[in-house]
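Letter by letter, the chains look like this.
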Amino acid sequence: SLFTTRSYDDFSDAIRRLGGRVAKLETSFHCLASPECLLLDPVEGPSVGVVLCLHGSLPSEALLAEWSLIMERARWRHLGMSIAIPNLQMSAALVQQDLESILESTLQLIDARRCLIVGKGWGAQKAAELADSERLGDRIDGLVLIPSGYTAPHLHDSID
């Protein structure tokens, strides 16, 4: 994809430890040709919803560990939610239509109609823009925004 310079493939061991898998999203825009998406299924049973996580950073062990801690503290997977973390790296070229295509492709991949969006740093801005979408805003049930510089070790006392 035009918006990724580092692949999730470089972190297959960390992804396996999380119990996740990488899938390709089929988007409707040529510049987003099949971006990767890290998917984590609920701990038990079928998925009852989707949490779409946006960050804009290069994939790394630290990034995966941070999202893992956030997911664990929020207990989304224990509540039956599927987690989707598209590999979208910060780019001024990414436009609203691209974000909407990522949202639609993710929901289609997981066979869901609606989602919760969690954005961190650059991803928080993009999450807010998605929530404000005239076309898809009604497919978003909630929005969680985490500011830049706020790291997961600080979250463990505030989320439960």
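Up top you'll find the structure we're talking about.
Throughout, residues of each chain are indexed from 1 in the direction in which the sequence is written. Reporting in this predicted model follows two pLDDT cut-offs: at least 70 for local features of residues, and 80 or more for side-chain atom pairs to be given and counted; totals over whole chains, interfaces and linings ignore these cut-offs and use all residues. Side-chain calculation: all heavy atoms of the structure are included, whereas hydrogens and water are not.

(A) Molecular detail of the state of the cysteines. Disulfides are defined as cysteine sulfur pairs within 2.5 Å. Here the structure, examined in full by the defined rule, presents 0 disulfides. With no disulfide partner, cysteine 37 has as its closest neighbouring cysteine sulfur the one in cysteine 53, 9.1 Å distant. Only protein chains enter the accessibility calculation, which uses a 1.4 Å probe; a residue is then buried when its area is under 20% of its type maximum, exposed when over 50%, and partly exposed in between. For cysteine 37, a relative accessible area of 0% gives the class buried. For cysteine 53, a relative accessible area of 0% gives the class buried.

(B) Broad picture of helix H2 (residues 61-74). Compared with the 20 Å implied by 1.5 Å per residue over 14 residues, the 20 Å span of H2 between its first and last C-alpha is a close match. Secondary structure elements are taken from DSSP: a helix is a run of H or I of four residues or more, a strand is a run of E of two residues or more, and numbering for both begins at the N terminus. For H2, the complete set of buried residues consists of Leu63, Leu64, Glu66, Trp67, Ile70 and Met71. Projection of H2 onto a plane perpendicular to its axis shows the buried side chains occupying an angular sector of 160°, all on one side. At the exit of H2 stands arginine 75, carrying a positive phi of roughly 65°. The span one expects for a helix is its residue count, reduced by one, times 1.5 Å. The directions from the helix axis to the C-beta atoms form the arc being described.

(C) How the structure looks around the environment of asparagine 87. Its place among the elements puts asparagine 87 in the loop between strand E4 (81-86) and helix H3 (96-110). Take asparagine 87: its relative accessible area is 0%, and that puts it in the buried class. With 65 residues separating them along the chain, asparagine 87 and valine 22 place their C-alpha atoms 9.8 Å apart. The term polar contact refers here to a pair of N or O atoms within 3.5 Å; inside protein, the definition further demands a hydrogen-donor-capable atom paired with an acceptor-capable atom, and it admits residues adjacent in sequence only when both atoms are side-chain atoms. Side-chain polar atoms of asparagine 87 contact the backbone oxygen of arginine 6, separated by 2.8 Å. Polar contacts involving the side chain of asparagine 87 include one to the side chain of glutamate 36, which spans 2.8 Å.

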